Amino acid sequence: GTAAALMISTTAAMAEGETVGFAQIGSESGWRAAETTLTKQQAEERGIDLRFSDAQQKQENQIAAIRSFVAQGVDAILLAPVVATGWDSVLEEAQEAEIPVVLLDRQVDSSDDLYLTAVGSDLVHEGEVAGEWLVNAVGDEECRIVELQGTTGSTPAIDRKTGFENAIEGHDNLEIVRSQTGDFTRAQGKEVMESFLQAENGGKDICALYAHNDDMAVGAIQAIKEAGLAPGDDILIVSIDAVPDIFKAMADGEANATVELTPNMAGPAFDALEAYWADGTMPEKFIQTESKLYTQENDPMGEYETRKDLGY
Ligand code: AHR
C-alpha cells in the first residue's frame, strides 16, 4: 500500500548517493561470480555508488583495497575475507576513519567490535547437512569418502569440514580416507580428484566424494568420467553452493546432492547499512542466511533455470 511505498522510497532516498567499497575475493567459483553480479545489481537498485575490487584470491590485495577505500572516504566497506586471520590492523584503520565494515559470506577471527555485522550462512551446519545426506544415502554399506577442501584457512573450508565430520561421527561404516584442498576451483578440483582416483584403485575403492563447493565437484565429475567410472552412481557426490552447473549434473544423474548458499549476501548487508546510515540502528552481529538441501528429486532443471534467471 501507500505506507509501504512511502517507506521504500524513504529508505531508497537514504542510500541514494552513498558510496560503498566492495573488497571481493576474486572469481574462483560460479558462486563467487554470482555474488558479485547480485551485489552490483543490489547497489544499482538502491542508488548506491559501488566501487569494486577483485583481489585475485590474495589477502594482501584485499588489504590494499580496504586502505584505498578508507583513503577515498567511502560510506561503508563490504569485505568477503579470503582467510580468517590477519585482519586486525586494517579493520582498526577503517574503524578509526569511522567507516562501517560488513563481512560477506566468510568470517574473520578478529574481535567483532571491528565490524558492524556479518552476513552469511551457518557454515558448520552446511557441512552437517551434506554429511547427514550421505549417512542416509549409504545406509549400512561401507563407504570410503574422499574430501575436496576449500581454500586453506578460509572459514568455509574449516567449518564445512567440521560439520561433515560431526555428521558422520559414530557411523563407523563411513570414513574419510583422503582429504586435500582444491582451493574452491574447478581446475584444482579436477586435478586433486585425479590423484585421489589414482591412489584408490582407479577410483574403485571410493564410495563418495564430499566437495566443499560445487565447482570442485564439477571438476571432479570430469575426472571420474575420464577414469571410466560413473559419477553420481559409482561414486556418490555431495557438495555445497547450489550453482546452475551442479543442477545440470544432477539432472544428468552425475551429482547427487548440494546444499544451497545464497549469493545474495548484499541484500541483507545493504538493508543493515541503510538502517545504520538512517539513524544509527545497530544490526545483530550475525545476519544468517538459509541453507537448503537439494537432491535429484528436487526438479534440478527447474532449479537450473531459476538460477540462470537470477543472474548467475
Ligand atoms: O565463501 C563461500 C564460498 O566461496 C563458496 O561456497 C565457494 O564457492 C566460494 O568460492
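When we look at burial in helix H4 (residues 88-96), the residues that qualify are Val-90, Leu-91 and Ala-94. Angular distribution of buried residues about the axis of H4 spans 100 degrees; they occupy a single face of the element. Of the surrounding elements, those touching the buried residues of H4 are helix H3 (59-72), strand S3 (76-79) and strand S4 (101-104). Residue Glu-98 follows H4 closely and has a positive phi angle near 60 degrees.

As a further point, take the nonpolar core. In this structure, Leu-148, Met-193, Leu-197, Leu-209 and Ile-235 are the most contacted members of the largest nonpolar core, which totals 28 residues. When sequence neighbours within four positions are dropped, the list of residues in contact with Met-193 reads Val-146, Leu-148, Ile-206, Leu-209, Ala-220, Ala-223, Ile-224 and Ile-235. Membership of the second largest hydrophobic core comes to 24 residues, among which are Val-20, Ala-76, Ala-266 and Trp-277.

Turning our eyes to something else, we now look at a negative patch on the surface. There is a patch of like negative charges on the surface, built from Asp-88, Glu-92, Glu-96 and Asp-109. In this fold, Glu-92 is placed in helix H4. Looking at Glu-92, the relative accessible area reads 39%, which means it is partly exposed.

This brings us to the state of the cysteines. Note on terminology: a disulfide is the covalent bond linking the sulfur atoms of two cysteines. A complete count under the given rule lists one disulfide for this structure. In this model Cys-143 forms its disulfide with Cys-207; the gap between the sulfur atoms is 1.9 Å. One disulfide, between Cys-143 and Cys-207, carries an S-S torsion of -85 degrees and so falls in the left-handed class. Here Cys-207 lies in the loop between helix H7 (186-199) and strand S8 (208-211) and Cys-143 lies in strand S6 (residues 143-149), a separation of 64 residues in the sequence. Here Cys-143 falls in the buried class, since its relative accessible area comes to 2%.

Let's shift gears to the side chain of Glu-18. By the secondary structure assignment, Glu-18 is in the loop between helix H1 (2-15) and strand S1 (19-24). Comment: no salt bridge for buried Glu-18; closest opposite-charge side chain is Arg-51, at 10 Å. Look past the residues within four positions of Glu-18 in its chain and what remains in contact with it is Gly-47, Ile-48, Asp-49, Asp-75 and Trp-277.

Each value, and the rule that gives it
Each chain carries its own residue numbering, running from 1 in the direction its sequence is written. Predicted model: local features are reported for residues with pLDDT of at least 70 only, side-chain atom pairs are reported and counted for 80 or more only, and whole-chain, interface and lining totals are derived from all residues. With hydrogens and water set aside, each side-chain value is computed from the structure's full complement of heavy atoms. Note on classification: 1.4 Å probe, protein chains only; a residue is buried when its accessible area is under 20% of the maximum for its type, exposed when over 50%, partly exposed between these limits. Helix numbering and strand numbering both begin at the N terminus, where a helix is a DSSP run of H or I of at least 4 residues and a strand a DSSP run of E of at least 2. As used here, the arc belongs to the directions running from the helix axis to the C-beta atoms. Throughout, a residue-residue contact means that at least one pair of heavy atoms, one from each residue, lies within 4.5 Å. Residue types Ala, Val, Leu, Ile, Met, Phe, Trp, Tyr and Cys, when buried and joined through side-chain atoms within 4.5 Å, form a set referred to as a nonpolar core. Every patch collects residues that have over 30% relative accessible area and no salt bridge, joining them within 9 Å if they carry like charges and within 5 Å if they are nonpolar side chains (Val, Leu, Ile, Met, Phe, Trp, Tyr). Residue-level accessible areas treat just the shown protein chains as cover; the underlying method is Shrake-Rupley with a 1.4 Å probe. Salt bridge criterion: a side-chain nitrogen from Lys or Arg within 4 Å of a carboxyl oxygen from Asp or Glu. Asp and Glu count as negative and Lys and Arg as positive, but His and the ends of the chain are not part of the count. Every charge is mapped to an atom, namely NZ of Lys, CZ of Arg, CG of Asp or CD of Glu. When the sulfur atoms of two cysteines come within 2.5 Å, that pair is taken as a disulfide.

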